[in-house]
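# Fold and geometry: a report
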Amino acid sequence: MIRFEKIRKEYKQHVVIRDMDLSIHKGELVVLIGPSGCGKTTLLKMVNGLIKPTSGNVFINGENIEEKDVIQLRRNIGYVIQQTGLFPHMTVEENIQIVPKLQKMSAEEIKQRTLEMMEMIGLDAENYLYRYPAQLSGGQQQRIGVARAFATDPDIILMDEPFSALDPITRSQLQEELAELQGHLHKTILFVTHDMDEAVKIADRICIMNDGQVLQYGTPEEVLKNPVDGFVSDFVGRNRIWNNPELIKAQDIMLFDPITTSGERTLLQAIEVMRQSRVDSLFVVNAKHQLKGIITARMIQQAEDRSVTVKEIMKTNYLSVAQTDSIVDLLKLLKENDVSAIPVLGPENVLAGIITTSSLVTTLGARFIDI
Ligand SMILES: Nc1ncnc2c1ncn2[C@@H]1O[C@H](COP(=O)(O)OP(=O)(O)OP(=O)(O)O)[C@@H](O)[C@H]1O
Ligand SMILES: [Mg+2]
């Protein structure tokens, strides 16, 4: 949808964007984040032609924007900035209607659209449409800024730190609202922020920049779990994942190679495996390593005949988690059930690993905690 190709921007001798390549898919919300001065705003403004690259090209839907009419280009791009950019001498209604009027939408359509936008941002039309920006709170102004950007139903929305001047509660509300809107509108959104928590909360992908370059571009989960270098890891902060524990998956904290047995073995053999491996239960798997049951030392002790096979007495109704289940799901399961070990299953019930209450502490500590 949007593609930056070898973009370079220089002001005199000063290089602010260094041969950057970046692609944003249709319907994706990408967050640009990085230290002040790294080139985020510059990049954003290249999309709607407010800044021209020194060299390189920007493509929208495969078309080089240099070959497009700037006015046409901007009509299909909403733009929200930090101080909202609302015109102070115009009412809320007039502010929202600027671009629709330029586009010569019919009066009826414009009216309808304005009401829809007010509904979308959760402000009562009757009460707010005729106010001036100065008669609104910061959060309300910001909402109007968002309404204005969405008013012509553009495919692309650029948002440059739109929520940064707001108090944490309003800010968090607007983040929720944006995520919710995006959930059904699927616009292509480029969103600039300084706030990693905000990025993680709303982004499909996060682009971490420094000094005019992309350091890492990936999902919030990838960036939080596998920062590519020291800068990113300092920037992200290793403990940050705890703000989003649902991003920690069973597969990140499981132990590999749980001790297994075939169902065809006798109880006597199974007990011997347990003894050698110092465990008190075994996972019973078939040739494809699919989990079929669990057998514990206690079950074997209670069995009268130890020459029977494991599959005859194994437990087949056991608890398990999927590789992609989160630690939050896992902790719930552990809390509600009195178990000390849980198998982790991949596709088709293939046994991928095991999580025990004691391994939980050590693996979590080693991976996700700065101590
Ligand atoms: N018109 C200009 N002339 C010269 N240098 C400029 C100009 N506009 C921006 N710059 C420089 O380009 C660099 C990138 O600026 P940009 O506004 O893109 O940074 P940013 O990442 O958005 O920073 P912030 O987080 O502070 O908003 C900065 O070093 C800035 O000083
Ligand atoms: Mg900026």
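It should be emphasised that the depicted structure is a prediction, and the values quoted were computed from it without experimental measurement. Position numbers for residues start from 1 in each chain and track the written sequence from start to end. For naming, the first written chain is A and the first written ligand is 1, with later ones following in the order written. A pLDDT threshold of at least 70 governs which residues receive local features in this predicted model, and a stricter bar of 80 or more applies before side-chain atom pairs are shown or counted, although totals over entire chains, interfaces and linings include all residues. The side-chain quantities take in all heavy atoms of the structure and omit both hydrogens and water.

### Some thoughts on the site of ligand 1
Note on terminology: near, applied to a residue and a molecule or strand, indicates that one of the residue's heavy atoms is within 4 Å of it. The local shell around ligand 1 consists of Tyr11, His14, Val16, Ser36, Gly37, Cys38, Gly39, Lys40, Thr41, Thr42, Glu161 and His194. Between ligand 1 and the protein, one listed contact pairs an oxygen atom with a backbone N or O atom of cysteine 38 at 3.2 Å. Relative to its unbound accessible surface of 640 Å², ligand 1 loses 60% to contact with the protein. A helix here means a DSSP run of H or I that spans at least four residues, while a strand means a run of E at least two residues long, and both kinds are numbered starting from the N terminus. In terms of residue count, the dominant contributor to the shell around ligand 1 is helix H1 (residues 40–47) (three residues). Pairs of N or O atoms within 3.5 Å make up the polar contacts considered here, provided that, within protein, one atom can donate a hydrogen while the other can accept it, and that residues adjacent in sequence are counted only when both atoms are side-chain atoms. The protein chains shown are the only cover counted for residues, whose accessible areas, like all others here, come from Shrake-Rupley with a 1.4 Å probe.

### So, the domain arrangement of the protein chain
Domain annotation of the protein chain identifies domain 1 (2–245) and domain 2 (251–368). Start and end positions for the domains come from either an automated domain assignment or a database one. Here the C-alpha centre of domain 2 lies 48 Å away from the C-alpha centre of domain 1. Summed over both partners, the accessible area lost on bringing two parts together, with a 1.4 Å probe, is the buried area. Of the roughly 650 Å² buried where domain 1 meets domain 2, counting both sides, 51% is carbon and sulfur surface. Put simply, a salt bridge is a Lys or Arg side-chain nitrogen that is within 4 Å of an Asp or Glu carboxyl oxygen. In this structure, the salt-bridge partner of lysine 225 is aspartate 252, at a minimum N-O distance of 2.4 Å. Viewed at the interface, domain 2 and domain 1 are joined by one residue pair in polar contact (both at pLDDT 80 or more).

### Notes on the side chain of aspartate 252
Considering the arrangement of structural elements, one finds aspartate 252 in helix H11 (residues 250–253). Within the structure, aspartate 252 has its side chain in polar contact with the side chain of lysine 225 (distance 2.4 Å).

### Notes on the environment of glutamate 198
Along the chain, the position of glutamate 198 falls in helix H8 (residues 196–202). Once the C-alpha coordinates of glutamate 198 and glutamine 323 are considered, the two residues, 125 residues apart in sequence, prove to be 27 Å apart. Reaching out from glutamate 198, the side chain makes a polar contact with the side chain of arginine 171 at a distance of 3.1 Å. Looking at glutamate 198, its side chain comes within polar contact range of the side chain of glutamine 175, at 2.6 Å.

### Quick look at the packing of aromatic side chains
Centres within 6.5 Å are what make two rings of Phe, Tyr or Trp a pair, Trp counting through its six-membered ring; a difference in plane orientation under 30 degrees is then read as stacked, over 60 as edge-to-face, and the rest as tilted. Summed over the entire model, instances satisfying the criterion amount to two aromatic pairs. On the numbers, 6.0 Å between centres and 10° between planes, the contact of phenylalanine 231 with phenylalanine 235 is stacked. Remark: phenylalanine 235 and phenylalanine 231 occur in helix H10 (residues 230–236); sequence separation between them is four residues, near one turn of the helix. Three exposure classes are used, based on accessible area relative to the maximum for each residue type with a 1.4 Å probe and protein chains only: buried under 20%, partly exposed in between, and exposed over 50%. For phenylalanine 231, a relative accessible area of 30% puts it in the partly exposed group. The ring of phenylalanine 59 carries the charged tip of arginine 3 above its face, separated from the ring centre by 4.5 Å. Either the NZ atom of lysine or the CZ atom of arginine qualifies as a charge over a ring when it sits within 6 Å of the ring centre and within 35 degrees of the ring normal. If you follow lysine 9 out to its NZ or CZ, it ends over the ring of tyrosine 11, 5.1 Å from the centre.

### Concerning the sheet that holds strand S10 (residues 213–218)
Ordered in space as S6-S7-S8-S3-S9-S10, the six strands form an open sheet in which the pairing is mixed. Looking along the sheet, the strands with just one partner apiece sit at the ends: strand S6 (77–81) and S10. Recorded for the sheet is a direction-independent mean angle of 15° between the axes of neighbouring strands. Sheet topology note: the strand S3 (residues 29–33)/strand S9 (residues 205–210) ladder contains four bridges and is parallel. From the neighbouring strand, isoleucine 33 faces S9, where its bridge partner is isoleucine 208. The contact definition used throughout considers only heavy atoms, calling two residues in contact when any of these lie within 4.5 Å. Axes, fitted as lines to C-alpha atoms, cover a helix only where it is in contact. Angles between the N-to-C directions of the axes lie from 0 to 180 degrees. Packing of helix H6 (residues 138–150) onto the sheet brings it into contact with S6 and strand S7 (156–160), and relative to S6 it is tilted by some 165°. Relative to strand S8 (residues 188–193), helix H7 (residues 168–185) is tilted by about 160°, and along the sheet it contacts S3, S7 and S8. In short, DSSP must find at least two bridges between two strands for them to pair.

### A look at the nonpolar core
Within this scheme, the nonpolar core is defined by two criteria: the residues are buried Ala, Val, Leu, Ile, Met, Phe, Trp, Tyr or Cys, and they are joined through side-chain atoms within 4.5 Å. Ranked by size, the top nonpolar core spans 59 residues in total, and within it Met118, Ile144, Phe191, Ile206 and Ile253 carry the most contacts. Ranked by residue count, the leading element in this core is H6, at five residues. For this core, the domains that each give at least three residues are domain 1 (2–245) and domain 2 (251–368).

### Some points on the pattern of salt bridges
Think of it this way: side chains of opposite charge can pair up when their charged atoms draw near. In total, this model carries 18 salt bridges according to the counting rule given. Between lysine 225 and glutamate 221 there is a salt bridge whose closest N-O contact spans 2.7 Å. Remark: glutamate 221 and lysine 225 occur in helix H9 (residues 220–225); sequence separation between them is four residues, near one turn of the helix. Of the residues examined, lysine 225 reaches a relative accessible area of 11% and is grouped as buried.

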